[in-house]
Amino acid sequence: MAIEKSLYAAPQGLEALDQMNQDEPALEIEIENPESVTIGLDGEPILTFTAEEAEEDFSKNLAEDMDDSELQSIASELTGDYEDDVSSRKDWMQTYVDGLELLGLKIEERSEPWEGACGVYHPLMTEALVKFQAETMMATFPAAGPVKTQIIGKETPNKKESAVRVQDDMNYQLMDIMTEYRPEHERMLWGLGLSGNAFKKVYYDPSMERQVSIFVPAEDIVVPYGASNIQTAERVTHVMRKTENAMRKLQVAGFYCDVDLGEPNNTLDEIEKKIAEKLGFRATSDSRYKLLEMQVNLDLAGYKHKDEDGEETGIALPYIVTIEKGSNIVLAIRRNWEPDDETHAKRQHLVHYGYVPGFGFYYFGLIHLVGAFAKSGTSLIRQLVDAGTLSNLPGGFKTRGMRIKGDDTPIAPGEFRDVDVPSGTMRDNILPLPYKEPSQVLLGLMNQIVEEGRRFANTADLQVSDMSSQAPVGTTLAILERTLKVMSAIQARVHYSMKQELGLLKKIIADYTPEDYDYEPTEGSRKAKKADYDDVNVIPVSDPNASTMAQKIVQYQAVLQLAMQAPQMYNMPLLHRQMLDVLGVKEVSKLIPMDEDQKPKDPVSENQNVLMMKPVKAFMYQDHQAHIQVHMSAMQDPKIIELLQNNPMAQQLQAAMMAHVNEHLGFEYRKQIEQQLGMNLPPQTDASGEEINMDPEVEARLAPMLAQAAQRLVQQNQQEAAQQQAQQQAQDPLVQMQQQELQIKQQEVQRKAQKDQMDAQLKQAQLQIDKERVDNQAQIDGVRVGLKAEHDRKIFESKQTLESIRLGLDAENKRRQLEQQSRQQTKGR
């Protein structure tokens, strides 16, 4: 867009435009921001054309737009809070500062109780600190790198590849790109063991154009007494020191407000002076600026929190406020939450490492735990050395008149000097003080105190005599765990904090990682795309359950012993891979290939691998019948059998071959069942090889169908087996002769059966004839018997009639006789 010069120089407003256009030639001016155009005169705006306001930069320094009085009020309030926080940890800090002397980093020339008295420090605390740093460094930062990945959600082949790429890329960033990371990590472990607290500050450095993770000592992080952790602390202050040149660079870059800070306040506070003195430095001033970078919650005017209706809620939001301590000037105020986070959760930039937790925010370190033991050991060892010095070079009294040549220098071994004795013997003129030899009781007391301190600090060496070579691995593991229990707990805290640190680094690396590859990635490449970081979590390689390699090895030895008792229950290749990883062996995948590393092979190649005791694997889509036939042929080959007879691994080879054959057999059986069903069964594993759990309802509906299919398959296989057996028998000459004999016998049996049948038929006919003859004779006999019976009946009836007549006549005669007798009697009377 271009406008004429008269728009900027109109003395009478718009009404004089025409006249000025006539007087002066038009001048075109390019406007950098066409969204807002202002027309002014002598620096005073008279007309403004404003489009929709551009979106405010979320990461801008809000202090540049705030009133000086308001900034001064914020600075005064926050500085006062900082002083209160420093006072609340005064005792903890004093113990820490006093304990620095016990490290013995500064050689002390003592003049009390005499010049040159012993100034040695017992190395109890230094020994514990060095041992802790070495063990933890080896556990958290091995040669292959400190990062390993953990897949989020369901494991797939793509996610596995992403995990490998992210792990390689993260280790490459931490070991090769971030050259300061390892030294900073070692310094952090030293400060952690010493004071019990150490901090890592993780951020993106624009000047380096990469992520940075620096160590911050405990004395430079100030937190209120009542805070439980750094995530929920109301206020976290990072005390920084920067040179004038570094400050000017940040101001010119726009990171800090470009204000006059004056000369740096060269004074050091008491704590800083004491720390420098204890560490052997003479520091009374510091020519750097002292900055307080404070993570606080503020309710700033003009930036207040509002609800969905646009009403102010009064909720304080998280900000990072940077104050120059000497001038009490606010240099920067920036938002401390994600731009798209509606909850305004505080962003974390600091990671807190702790040694042994205490009652407040700050943890306890070796200074607090074994400082008293180290102080007592130092006192006792000095007394023993001084006692030996006095015993070897004793002092005493001599008479004033006695003169000894060179009496101001000690007498060397084998040296005799002249003595002028005023009177009497030399013994009468010299009285040595009764100095004693170093006390054995004092030595025993020192050893006891030091041993107790070493045990408490968990630096006591495990005595080999405490364990028997014949003891079970479980017993050895129990002794190790009991000895290393405290150190294991500390290592677990370091693992937890380091996981948080790696999570912050992962987020920054992912934000500045390309969306896609610059080239086609290959296995083991150190380049990952942004989407790869979304599939995995990054965690330390350290094991929170085992603090030392010895402890890890003993654990795996115990598992291997259990696996030998029931090898079918264990994934032996994976177990041996993990064991080799613990031992630090490289390229484990080439030494022990896994099932998922196997590729499909022809059956002859599989036989070769089995003979060489290499793993083999069957795949669903292979021709399983052909594979089984080739494998069984090899097992039945007499030459192979003869060669393997003297092989001590013959049984293992045979078992491996049969296991592989069974694998093919299982796949073949599954295919046959699917053919009987007329459909494919649900897959057993997903694309990554993980087993898929079948839906119970699907399994319940599928089981009856499978039972029927299995029954049909059994019947089909039985019929095929019978047919095959019959075909095999038919091809045998002996069987053919037997079959001919059987046929002859069958014919003879048939002929005999036919003859027997004809004889039976003749016999049946004869029986029928005999039966008819018997029936006819029976009929004749029946007629004869009937005629005779009829004749006899008639004769009988005739006889009955005659008898009846006779009886009637007799009865009539008797009646007549009776009547006659009666009449006679009547007549007689």
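Residues numbered from 1 in each chain as written. Predicted model: local features only at pLDDT ≥ 70, side-chain atom pairs only at ≥ 80, totals over all residues. Heavy atoms only, no water.

## Describing the overall build of the chain
Part 1 of the reasoning: For the chain, the count of helices and strands is 24 helices and 18 strands.
Part 2 of the reasoning: Excluding contacts between residues fewer than 6 apart, the proportion of contacts in the chain whose partners are at least 24 apart in sequence is 66%.
Part 3 of the reasoning: With the model as given, the accessible surface of the chain reaches about 53,000 Å², and the carbon-plus-sulfur share is 53%. (Helix = DSSP H or I, 4+ residues; strand = E, 2+ residues; numbered from the N terminus. Contact = heavy atoms within 4.5 Å. Areas by Shrake-Rupley, 256 points an atom, 1.4 Å probe, with all protein chains shown as cover.)

## Brief notes about the pattern of salt bridges
Part 1 of the reasoning: Applying the stated criterion across every chain yields a total of 27 salt bridges.
Part 2 of the reasoning: Between Asp299 and Lys304 there is a salt bridge, with its nearest N and O atoms 3.3 Å apart.
Part 3 of the reasoning: Taking the relative accessible area as the measure of exposure, Asp299 reaches 35% and is therefore partly exposed.
Part 4 of the reasoning: Glu748 is the partner of Arg751 in a salt bridge, and the nearest nitrogen-oxygen pair spans 2.3 Å. (Salt bridge = Lys/Arg side-chain N within 4 Å of Asp/Glu carboxyl O. Buried < 20%, exposed > 50% of the residue type's maximum accessible area, 1.4 Å probe, protein only.)

## Considering the environment of Glu699
Part 1 of the reasoning: Looking at the secondary structure, you find Glu699 in helix α23 (residues 696-730).
Part 2 of the reasoning: Each C-alpha atom of the pair Glu699 and Pro682 lies 9.7 Å from the other, and the pair is 17 residues apart in sequence.

## Focus on the pairing of strand β12 (residues 329-335)
Part 1 of the reasoning: The element β12 is extensively covered by neighbouring structure, given that six of its seven residues are classed as buried.
Part 2 of the reasoning: In terms of strand pairing, strand β11 (residues 317-324) meets β12 through six bridges, oriented antiparallel. The partner of Ile323 across the bridge, within β12, is Val330.
Part 3 of the reasoning: Taking the residues between adjacent antiparallel strands as the criterion, β11 and β12 are bridged by four residues, where Asn328 takes a positive phi near 60°. (Pairing = 2+ DSSP bridges.)

## Remarks on helix α20 (residues 624-636)
Part 1 of the reasoning: Taking 1.5 Å per residue, 13 residues should reach 18 Å; α20 reaches 18 Å between its end C-alpha atoms and fits that length.
Part 2 of the reasoning: Of the positions making up α20, those classed as buried are His624, His627, Ile628, His631 and Ala634. Across the axial projection of α20, the buried residues extend over an arc of 130°, all falling on one side. Exposed side chains of α20 directed beyond 90 degrees from the buried face belong to Gln629 and Gln636. (Expected span 1.5 Å × (residues − 1). Arc of directions from axis to C-beta.)

## Focus: the sheet that holds strand β6 (residues 197-205)
Part 1 of the reasoning: The three strands are arranged β7-β6-β13 in an open sheet whose pairing can be described as antiparallel. In this open sheet, the two edge strands, each paired with only one partner strand, are β7 (210-217) and β13 (350-354). Mean inter-strand twist for the sheet, computed between neighbouring axes without regard to direction, equals 25°.
Part 2 of the reasoning: Sheet topology places β6 next to β13; five bridges connect them, and they run antiparallel. Among the inter-strand pairings, Lys200 is bridged to a residue of β13, identified as Val351.
Part 3 of the reasoning: Packing of helix α7 (residues 181-195) onto the sheet brings it into contact with β6, β7 and β13, and relative to β6 it is tilted by some 155°. (Axes fitted to C-alpha atoms, helices over the stretch in contact; angles between N-to-C directions.)

## A short note on the packing of aromatic side chains
Part 1 of the reasoning: Evaluation of the coordinates by the stated rule reveals eleven aromatic pairs.
Part 2 of the reasoning: For the pair Trp92 and Tyr96, a centre-to-centre distance of 6.0 Å together with 15° between the ring planes defines the contact as stacked. With Trp92 and Tyr96 both in helix α4 (residues 90-100), this residue pair falls four residues apart, about one helical turn.
Part 3 of the reasoning: The class of Trp92 is buried, set by a relative accessible area of 11%.
Part 4 of the reasoning: Arranged with centres 4.7 Å apart and planes meeting at 25°, the rings of Trp92 and Tyr362 form a pair that is stacked. Residue Trp92 is found in helix α4, and its partner Tyr362 is found in the loop between β13 and α10 (366-392); the two are separated by 270 residues along the sequence. (Phe/Tyr/Trp six-rings, centres within 6.5 Å; stacked < 30°, edge-to-face > 60°.)

## A word on the confidence of the model for the chain
Any residue range with low pLDDT should be treated as having predicted coordinates unsuitable for detailed reading.
Part 1 of the reasoning: Scored by pLDDT, the chain comes out at a mean of 79, with 81% of its residues at no less than 70.
Part 2 of the reasoning: Confidence drops under a pLDDT of 50 for residues 1-32, and excluding neighbours within four residues, the segment shows 32 contacts in the predicted structure.
Part 3 of the reasoning: pLDDT under 50 marks residues 49-54. Its contacts with residues more than four places away, or in other chains, come to eight contacts. (pLDDT = per-residue confidence, 0-100.)

## Quick look at unusual backbone geometry
Part 1 of the reasoning: Of note in the backbone geometry, Asn328 takes a positive phi value of approximately 60° without being a glycine.
Part 2 of the reasoning: The phi angle at His344 is positive, at roughly 55°, despite the residue not being glycine.
Part 3 of the reasoning: Among the structural elements, His344 can be located in the loop between β12 and β13.

## Quick look at the sheet that holds strand β10 (residues 289-298)
Part 1 of the reasoning: An order of β8-β9-β10-β11-β12 is seen for the five strands of this open sheet, with the pairing classed as antiparallel. Every interior strand has two partners, whereas the edge strands, β8 (221-222) and β12, have only one.
Part 2 of the reasoning: As paired strands, β8 and strand β9 (residues 235-242) are joined by two bridges and run antiparallel to one another. Within β9, the position partnered with Ile221 by the bridge is His238.
Part 3 of the reasoning: The strands that helix α3 (residues 68-88) touches are β8, β9, β10, β11 and β12; relative to β10, the one it contacts most, it runs at about 100°.
Part 4 of the reasoning: Each of β9, β10 and β12 is contacted by helix α8 (residues 244-252), which is oriented at about 115° to β9, the strand it contacts most.

## Structural notes on a nonpolar patch on the surface
Part 1 of the reasoning: A contiguous nonpolar patch, built from Val421, Met426 and Ile430 and spanning about 220 Å² of accessible area, is present on the exposed surface.
Part 2 of the reasoning: Tracing the sequence through the fold places Val421 in the loop between β16 (419-420) and α11 (426-429).
Part 3 of the reasoning: Among the residues examined, Val421 registers a relative accessible area of 32% and is labelled partly exposed. (Patch = residues over 30% accessible without salt bridge, like charges linked within 9 Å, V, L, I, M, F, W, Y side chains within 5 Å.)

## Observations regarding the side chain of His631
Part 1 of the reasoning: On the secondary structure map, His631 appears in helix α20.
Part 2 of the reasoning: The exposure class of His631 is buried, given its relative accessible area of 0%.
Part 3 of the reasoning: A polar atom in the side chain of His631 sits 3.4 Å from the side chain of His660.
Part 4 of the reasoning: Discounting chain neighbours no more than four positions away, the residues touching His631 are Pro603, Glu606, Asn607, Met657, His660, Val661 and His664. (Polar contact = N/O pair within 3.5 Å; in protein donor to acceptor, adjacent residues only side chain to side chain.)

## Here's the deal with the pairing of β11
Part 1 of the reasoning: Counting buried positions along β11 yields eight of eight residues, so the element is predominantly enclosed.
Part 2 of the reasoning: The sheet contact formed by β10 and β11 spans eight bridges and is antiparallel. Its bridge partner lying in β11, Leu291 is registered against Glu324.

## Here's the deal with the environment of Thr126
Part 1 of the reasoning: In this fold, Thr126 is placed in helix α5 (residues 124-140).
Part 2 of the reasoning: C-alpha separation for the pair Thr126 and Leu102, spaced 24 residues apart in sequence, amounts to 8.2 Å.

## Notes on a negative patch on the surface
Part 1 of the reasoning: A cluster of acidic side chains, namely Asp307, Glu308, Asp309, Glu311, Glu312, Asp340 and Glu342, defines a negative patch on the protein surface.
Part 2 of the reasoning: Following the sequence through the fold, Asp309 ends up in the loop between β10 and β11.
Part 3 of the reasoning: Taking the relative accessible area as the measure of exposure, Asp309 reaches 67% and is therefore exposed. (Lys, Arg positive; Asp, Glu negative; His and termini not counted. Charge placed at Lys NZ, Arg CZ, Asp CG, Glu CD.)

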